[in-house]
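One letter stands for each residue in the lines below.
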Amino acid sequence: MLALLGLAVFILSVIMGERLSRKALKPVIQNMESQKKFIADASHELRTPISIFSASLEVLEKEEKSKMSSFSRETLEELKDEVRQMKTLVSHLLTLAKEQEPQGIHRESFSINELARKTARQFEQLSHNPRTIKVIAPSNDLMVKADRGRIKELLQLLLDNAIKYSEASSPVEIRLKTQGKSMLVIEIKDEGEGIPPADLPFLFDRFYRVEKGRSRHQGGAGLGLSIAKEITDQYAGSIDAESQPGKGTTFRVKLPILA
Ligand code: ADP
């Protein structure tokens, strides 16, 4: 059972993780309508088998783990990581495919302080990577006019990376402030492995990963930051990164404050 699942996961991961390379997919996502539809449909279709893998692994873990050798247990953990990575990849592909569709920009007024605190608490509770996330913000609520769900997604993408690319014991912070009267600044800071200067200009390109082996091991496909950029572009904002290898990284998002 485990071997069969392993083989299936391997095939899927080769198809999705490796063949969907930056070079092959970039023009597909960016260009023609039919290709966008293909990406959306294919991603959608892949969600079912991935959910089945995920559920099967849970059953296996519940019922068989105590009887497994340490090798099988390790293999099971690796399969769970692969499935998690595939889930993320498919959800990112779906998001990108949807973003190509012409749609109006939704805006609602909400407190970014409250959203940042809520998102931080949710991340702290993630059982596979618990972490304390400090939110440093002015005491008054900073109100933003944007799609709350999209801004939450943006925070989640940046927090996910901050946690993925730093040690379990190292701190992660969200800082909120304003720049003049018209700009909100959100900084997500970690003290992780950092990013070499040569990679910084390409970080927001689709499928770009600093070091393929490292990111793959961490479960990344190189799509998260391109989605983060799409979101900030959508709201006429900006995103950039400052990093020192070995010391950590700060992602800085600027969004216009609309009255
Ligand atoms: P991935 O899914 O691979 O994390 P992203 O688009 O989110 O894709 O990030 C692109 C690459 O940028 C990552 O593969 C990683 O190498 C690097 N990266 C992103 N965030 C950080 C961070 N906080 N610290 C170090 N490296 C990072």
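An unreviewed UniProt entry lists the protein chain under the name histidine kinase, with Fictibacillus fluitans given as the organism. Listed under Subcellular location (unreviewed entry) in UniProt, the entry text for the protein chain is "Membrane". Under Catalytic activity (unreviewed entry), UniProt gives the following word-for-word description of the protein chain: "ATP + protein L-histidine = ADP + protein N-phospho-L-histidine."

Asks: So, the pairing of strand β7 (residues 248–256): which residues are in play, and what are the values?
Replies: Of all 9 residues making up β7, 7 are buried, and the element is well covered by its neighbours. Here 8 bridges tie strand β5 (residues 183–190) to β7, and the two strands are oriented antiparallel to one another. Directly across from Ile 186, in β7, lies its bridge partner Val 253. Sheet topology places strand β6 (residues 238–244) next to β7; 7 bridges connect them, and they run antiparallel. Across the sheet, the residue bridging to Ala 241 is Phe 251, located in β7. In textbook terms, the turn of a hairpin is the stretch between consecutive antiparallel strands, and for β6 and β7 this stretch comprises 3 residues, one of which, Gly 246, has a positive phi near 85 degrees.

Rules behind the numbers
Residues numbered from 1 in each chain as written. Predicted model: local features only at pLDDT ≥ 70, side-chain atom pairs only at ≥ 80, totals over all residues. Heavy atoms only, no water. UniProt positions renumbered as here; feature names shortened; annotations may be inferred. Buried < 20%, exposed > 50% of the residue type's maximum accessible area, 1.4 Å probe, protein only. Helix = DSSP H or I, 4+ residues; strand = E, 2+ residues; numbered from the N terminus. Pairing = 2+ DSSP bridges.

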